[in-house]
Amino acid sequence: MAEMKRSLSLWQASAINMTDMVGIGPFITLPMVIGMMNGPYFLYAWLAGAFLSIVDGQVWSELGAAFPEAGGSYNFLREAYGKNKAGKMMSFLFVWQTMIQAPLVIASAAIGFAKYFSFLVPLTFYTEKFVSGGVVILIVILLYRRIETIGKISIFLWSGVLITMFWIIGGGIVHGNFLSPIKNINNGLSVDYAFVTAIGFASVKSVYSYLGYYNICHLGSEIKNPSKNIPRSILISIIGIAVLYLMMNVSVVSVIPWQDAKESEFVISEFMQALMGHTAATIITCLVLWVAFASVFSATLGYSRIPYAAARDGEFFKIFEKLHPTKNFPYVSLLFLGGVAFIFSMLFKLSEAISAILAMRIMIQFVGQAVGLLILRSRKNGVYFPYKMPLFPLPVIVAILMWLFILISTGTKLMFAGLVVIFLGGIVYFIKARIRNEWPFLSAKK
């Protein structure tokens, strides 16, 4: 059987993570976050997102270094909860919800791409859907190749991300009012119930913009020296992106007052137009589209490895196990996720997709694997952790509590929908287990 190769370096891994993180998210959610916070202290929502990413990134770093295989959370949950017991169910539920939420992630970036594209060319409802669907199709075509080539493409796309972010930040600095938003961050601030509620709702959007710091864990079997490079790439990604996001937000509101920025659909384009005119606004819009495209590319790459990993272990439909006969990548998985993402890009609105993504993932993936790490660390079975987080278990506990807070903040409707998806997955799993005589919790054999 064909095998994947460890070909991705630390910097290629970091580029893949960061191109996933800096998609259309920060440009679309910037005015959303300001509107929800409704004050100059909106920066605290971005700091909250960065803090959650750092503590949760420690969980991913430990698990990614210990189990560097394709599939990421699929393997982590299976190892933590037991390969022959609850681990089978937890890993199945993760793959189950991934088959829905991964296309949602891809579709949300494609929808955001089409929204921003309308700054350049006015789009109707139908032409907007044509653009978002076309982005998904083009991404699948680009990913239909060897991982060595994809690593090089990722570096190229990441260069566009850096150019975009540094131009936005530099524009604010040159404007001469860069430090004003920082000096006024606490104006009108009152730390009360209303503030905590607002930061909860706003953090749903800011956390969405940080998602992707763990993407490289899904490509674990393709990373060189994974025990060191996975934790390093996660830390580099989170710190680097947090600094860029904060500076970008400060730069924008130093030119466009936050009262106006919260109402803008194309805040980055309008920011650049205010500084340098229409031509510059057109160029920065094209760069934002570059960034959005790069994010869809990176996310689709990572997610395509999850159904493959489950099928390889006999825990998912066998057809997803297939690797391309000459290019050695899971092409069936890639084509399936791309196809579902294309359909979702036709059906969903951006704000709905963002909240649904988080509501669906939190319990099984983020909370589930954080609890799983606590279980693994408590066992005396000789599991080797090449990387161990500082202050354990405090970061794990903080991450669990913050994820639950974010889940509640997505709203009752989406929280319930996420639980329904898990419940339906549980029914499917128990039917499968009954047919195969693999009852979780009850049997330690098989």
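Here is what the cut-offs are and how they apply
Residues numbered from 1 in each chain as written. Predicted model: local features only at pLDDT ≥ 70, side-chain atom pairs only at ≥ 80, totals over all residues. Heavy atoms only, no water. UniProt positions renumbered as here; feature names shortened; annotations may be inferred. Helix = DSSP H or I, 4+ residues; strand = E, 2+ residues; numbered from the N terminus. Rg over C-alpha atoms; globule rule 2.2 N^0.38 Å. Contact = heavy atoms within 4.5 Å. Areas by Shrake-Rupley, 256 points an atom, 1.4 Å probe, with all protein chains shown as cover. Axes fitted to C-alpha atoms, helices over the stretch in contact; angles between N-to-C directions. Parallel < 35°, antiparallel > 145°, perpendicular 65-115°, else oblique. Left-handed = near helix turned anticlockwise from the far one by under 90°. Nonpolar A, V, L, I, M, F, W, Y, C, P; charged D, E, K, R; others polar. Core = buried A, V, L, I, M, F, W, Y, C linked by side-chain atoms within 4.5 Å. Buried < 20%, exposed > 50% of the residue type's maximum accessible area, 1.4 Å probe, protein only. Expected span 1.5 Å × (residues − 1). Phe/Tyr/Trp six-rings, centres within 6.5 Å; stacked < 30°, edge-to-face > 60°.

As annotated in an unreviewed UniProt entry, the chain carries the name Amino acid permease and comes from Hanamia caeni. The UniProt entry for the chain carries the following text under Subcellular location (unreviewed entry): "Membrane".

Student: Honestly, the overall build of the chain in this entry has me stumped. Any pointers?
Tutor: In terms of regular secondary structure, the chain is built from 17 helices and zero strands. The globule rule puts the C-alpha radius of gyration for 446 residues at 22 Å, and the 21 Å found for the chain is close to it. Its C-alpha atoms put the chain at 65 × 50 × 40 Å along the principal axes. Sequence separation of at least 24 residues holds for 83% of the intrachain contacts in the chain that already meet a minimum separation of 6. When the accessible surface of the chain is summed, it comes to about 17600 Å², and 68% of that surface belongs to carbon and sulfur atoms.

Student: Is there a simple way to think about the packing of helix H11 (residues 267–276) against helix H12 (residues 278–303) in this case?
Tutor: Two quantities define a packed helix pair, namely the angle between the axes and the distance from one axis to the other. Running from N to C, H11 and H12 point in directions that differ by 150 degrees, and their axes come no closer than 7 Å. By the angle class used here, H11 and H12 are roughly antiparallel. In this structure, the crossing between H11 and H12 has a hand that is right-handed. Facing Ile268, Ser269, Met272, Gln273 and Met276 of H11, the residues of H12 in contact are His278, Ala280, Ala281, Ile284, Thr285 and Val288. For the contact of H11 with H12, a count of residues per class yields seven nonpolar, four polar and no charged.

Student: When you look at the side chain of serine 61 in this model, what are you seeing that I'm missing?
Tutor: By the secondary structure assignment, serine 61 is in helix H3 (residues 43–66). When neighbours within four sequence positions are excluded, serine 61 is seen to be in contact with Pro231, Ile234 and Tyr387.

Student: Quick question: what am I supposed to make of the nonpolar core here?
Tutor: Side chains that are nonpolar tend, in soluble globular proteins, to be buried together. Ranked by internal contacts, the top residues of the largest apolar core, which has 155 residues, are Met37, Tyr116, Ile268 and Trp403. Take this core: its biggest share by element is 24 residues, from helix H4 (residues 73–117). Each residue touching tyrosine 116, except ones within four places of it in the same chain, is listed here: Ile24, Phe27, Ile28, Glu265, Phe266, Val267, Ile268, Ser269, Thr285, Val288 and Leu289.

Student: Mind showing me how you'd approach helix H2 (residues 25–37) here?
Tutor: Along an α-helix, residues three or four positions apart point the same way, because every turn accommodates 3.6 residues. A rise of 1.5 Å per residue sets the reference length of H2, with its 13 residues, at 18 Å; its end C-alpha atoms lie 17 Å apart and thus fit the reference within 8%. Counting buried positions along H2 yields ten of 13 residues, so the element is predominantly enclosed. Three or more residues of H2 are buried, namely Gly25, Pro26, Phe27, Ile28, Thr29, Leu30, Pro31, Val33, Ile34 and Met37. With its phi angle positive at about 55 degrees, asparagine 38 sits one or two positions after the end of H2.

Student: Any chance you could explain the packing of aromatic side chains here in plain terms?
Tutor: All chains considered together, the criterion is met by 21 aromatic pairs. When the centroid spacing of 6.3 Å and the interplanar angle of 10 degrees are considered together, the rings of phenylalanine 113 and phenylalanine 117 count as stacked. Within this pair, phenylalanine 113 and its partner phenylalanine 117 are both found in helix H4, separated by four residues, close to a single helical turn. Classification of phenylalanine 113 as buried rests on a relative accessible area of 12%.

Student: Just checking my understanding: could you explain helix H14 (residues 331–347) for this structure?
Tutor: Under the 1.5 Å per step criterion, the end-to-end length of H14 is 25 Å for 17 residues, consistent within 8% with the ideal 24 Å. Of the residues making up H14, those classed as buried are Val332, Ser333, Leu334, Leu337, Gly338, Val340, Ala341, Phe344 and Ser345.

Student: Would you take a moment to explain unusual backbone geometry for this structure?
Tutor: Working note: non-glycine residues mostly have negative phi, and peptide bonds are mostly trans. Omega for the peptide link from phenylalanine 392 to proline 393 comes to 5 degrees, which places this bond in the cis form. Here proline 393 is to be found in the loop between helix H15 (350–378) and helix H16 (394–409). Phi at asparagine 38 is positive, roughly 55 degrees, even though this residue is not glycine. Checked against the element boundaries, asparagine 38 lands in the loop between H2 and H3. Overall, asparagine 38 belongs to the partly exposed group, its relative accessible area being 40%. Despite not being glycine, asparagine 225 shows a phi value in the positive range, around 45 degrees. Here asparagine 225 is to be found in the loop between helix H8 (193–210) and helix H9 (226–255).

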